[in-house]
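Spelled out, the chains give:
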Amino acid sequence: MCTHTPKCPSADSPDREAAAVVAGHPEQGWSLLCNAVVLFEDTGELLPDGRTVAPHRPFAAAA
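Residues numbered from 1 in each chain as written. Predicted model: local features only at pLDDT ≥ 70, side-chain atom pairs only at ≥ 80, totals over all residues. Heavy atoms only, no water.

(A) Layout of unusual backbone geometry. Residue Thr5 is joined to Pro6 through a cis peptide bond whose omega torsion reads -5°. Along the chain, Pro6 turns up in the segment before strand S1 (21–25). A positive phi is found at Thr43, a non-glycine position, where the angle reads about 80°. For Thr43, the location among the structural elements is in the loop between strand S3 (38–40) and strand S4 (45–46). (Helix = DSSP H or I, 4+ residues; strand = E, 2+ residues; numbered from the N terminus.)

(B) Local environment of the sheet that holds strand S2 (residues 30–33). Pairing within the open sheet is antiparallel, and its five strands lie in the order S1-S2-S3-S4-S5. At either margin of the open sheet sits one strand with a lone partner, and together these are S1 and strand S5 (52–53). Pairing between S2 and S3: three bridges, direction antiparallel. Bridge pairing in S3 places Trp30 opposite Phe40. (Pairing = 2+ DSSP bridges.)

(C) Focus on the side chain of Arg16. Relative to the elements of secondary structure, Arg16 occurs in the segment before S1. If we skip the residues at most four places from it in the chain, Arg16 touches Pro9, Ser10, Ala11, Leu33, Asn35, Val37, Glu45, Leu47 and Val53. (Contact = heavy atoms within 4.5 Å.)

(D) Region of interest: the nonpolar core. Counting seven residues, the largest nonpolar core consists of Cys2, Cys8, Ala11, Ala19, Leu33, Val37 and Leu47. The contact partners of Leu47, leaving out residues within four places of it in the chain, are Ala11, Arg16, Val37 and Val53. (Core = buried A, V, L, I, M, F, W, Y, C linked by side-chain atoms within 4.5 Å. Buried < 20%, exposed > 50% of the residue type's maximum accessible area, 1.4 Å probe, protein only.)

(E) Structural detail: the pairing of S2. Burial along S2 is one-sided: the face carrying Ser31 and Leu33 is buried and the face carrying Trp30 and Leu32 is not. Linkage of S1 to S2, two consecutive antiparallel strands, is achieved through a turn of four residues, within which Gly29 is found at a positive phi near 85°. Connecting the antiparallel pair S2 and S3 is a turn made up of four residues, with Ala36 showing a positive phi of about 75°.

(F) View of the pairing of S1. Two elements, S1 and S2, share four bridges in a ladder whose sense is antiparallel. Within the sheet, the bridge partner assigned to Val21 lies in S2 and is Leu33.

Okay, structure coming up:
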């Protein structure tokens, strides 16, 4: 359970990426969030129940 104030969004929330990082491994390209989501550098996610979320980087604006 999250002990942060305010509480971190749950893994099922649309804003789940806003949860606090509890273990960051930028050299490996991933971080573990307080809500048990593994967030990858390419914006992909591994949810606590084993589901995956495909990378969803915003498209770069045409120059």
